[in-house]
Amino acid sequence: MALNDLVTPHGAVASGSFGDSAAPRRLPTLTSVILVDDAQQLHNIGHPRVSLVLWRRRADPKIAREVAGLTTKRLLNGRIALSAAETQAQCMARLQGLLQESGIESAGFGWWLADMAMLAERFADLVTRTLGPSPITARVETLDDVACPRFHVDRTRLRLLCTYRGPATEWLPDEEVDRVALEGRQPNDQIQRGAQPRALEPFWVGLFKGECFPGNAGRGQVHRSPAVPPDGLRVLFCLDA
Ligand SMILES: [Fe+2]
């Protein structure tokens, strides 16, 4: 999905940094979402109005080749607790262990593991700066079916999602959510008020502000899992604080 695909009838999704005067693409409507091309801008999630920062990353063919080797025969659903103090190398070793415990030989996944470890270290640093030192949970999943098809908010403070293969997470701008319908567990079409959900692209990083982020109760970023095509596989990495 290109930037233009994020344009709505009301205007474009904001892009850039609140602290960067050279980043003027903040339009008056979708003020809760920011598009960035640089991990240094992820810290904008701390702004009270922002509930989603999208870091657009190009797909890395080396990683794409590695995750193409994962199959539906053995689905992966592993999680580990990480401390904010763990280095990238330590995170990588822990993630390697997670694959091995799930019966997946980690030797063929070096680029993927390194990327997840890099994201874990960045996330830990951002969480520490935004919320103070906090435990972090890392989850690596392969899914052959839709996990959470209903629009919902997470009971987390911050969640980082990156889909490495298959369709990626779908989301709604705050301005298009019917929060009463959401809280009343009404059908998706009532929650989204006729608007089309947006979606991340594979390799993009989404930083989602949840209901438990200080001061964000009732304003958690609304999202859902995408449908997985028949015989398809989704490879998802999730970090929670
Ligand atoms: Fe969720």
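Preceding this section is the structure that the text describes.
A few points on the structure. The shown structure was predicted, so the numbers you read here are calculated from the model rather than taken from an experiment.

## Section: the pairing of strand β3 (residues 52-55)
Judged by which residues are buried, β3 turns out to be covered on both faces: Leu-52 and Leu-54 on one side and Val-53 and Trp-55 on the other are all buried. Sheet topology note: the strand β2 (residues 33-36)/β3 ladder contains four bridges and is parallel. By the bridge assignment, Val-33 is partnered in β3 with Leu-52. Here β3 pairs with strand β9 (residues 205-209) via four bridges, running antiparallel. Across the sheet, Val-53 pairs through a bridge with Leu-207, a residue of β9.

## Structural notes on the packing of helix α2 (residues 88-101) against helix α3 (residues 110-131)
Following both chains from N to C, one finds α2 and α3 inclined at 125°, their axes separated by 8 Å at the closest point. On the basis of their axis angle, the class for α2 and α3 is oblique. For the element pair α2 and α3, the recorded crossing hand is right-handed. On α3, the residues that touch Gln-88, Cys-91, Met-92, Leu-95 and Gln-96 of α2 are Leu-113, Ala-114, Met-116, Ala-117, Met-118, Ala-120 and Glu-121. Considering only residue class, the contact of α2 with α3 consists of nine nonpolar, two polar and one charged.

## Quick notes on the nonpolar core
As a rule of thumb, nonpolar side chains are buried together in soluble globular proteins. In this structure, Val-53, Leu-95, Leu-119, Ala-120, Phe-123 and Leu-207 are the most contacted members of the largest nonpolar core, which totals 60 residues. Elements with a contribution of two residues or more to this core: β2, β3, α2, α3, β5 (136-143), β6 (158-165), β9 and β11 (234-240). It is α3 that provides the largest number of residues to this core, a total of ten residues. Residues contacting Leu-95, with those up to four places away along its chain left out, are Leu-113, Met-116, Ala-117, Ala-138 and Val-140.

## Some words on α2
Spanning 14 residues, α2 covers 20 Å between terminal C-alpha atoms, matching the ideal 20 Å at 1.5 Å per step. Buried within α2 are the following residues: Cys-91, Met-92, Leu-95, Leu-98 and Leu-99. Each buried residue of α2 lies within a common arc of 115° when the element is viewed along its axis, so the set occupies one face. Within α2, the exposed residues directed more than 90 degrees away from the buried face are Ala-89 and Glu-101. On its buried face, α2 sits against β4 (77-82), α3 and β5. Within two residues after α2, Gly-103 carries a phi angle of roughly 80°, on the positive side.

What counts and how
- Residues numbered from 1 in each chain as written.
- Predicted model: local features only at pLDDT ≥ 70, side-chain atom pairs only at ≥ 80, totals over all residues.
- Buried ≥ 20, exposed ≤ 12 C-beta atoms within 10 Å, placed from the backbone.
- Helix = DSSP H or I, 4+ residues; strand = E, 2+ residues; numbered from the N terminus.
- Pairing = 2+ DSSP bridges.
- Axes fitted to C-alpha atoms, helices over the stretch in contact; angles between N-to-C directions.
- Parallel < 35°, antiparallel > 145°, perpendicular 65-115°, else oblique.
- Left-handed = near helix turned anticlockwise from the far one by under 90°.
- Contact = placed C-beta atoms within 7 Å.
- Nonpolar A, V, L, I, M, F, W, Y, C, P; charged D, E, K, R; others polar.
- Core = buried A, V, L, I, M, F, W, Y, C linked by C-beta atoms within 7 Å.
- Expected span 1.5 Å × (residues − 1).
- Arc of directions from axis to C-beta.

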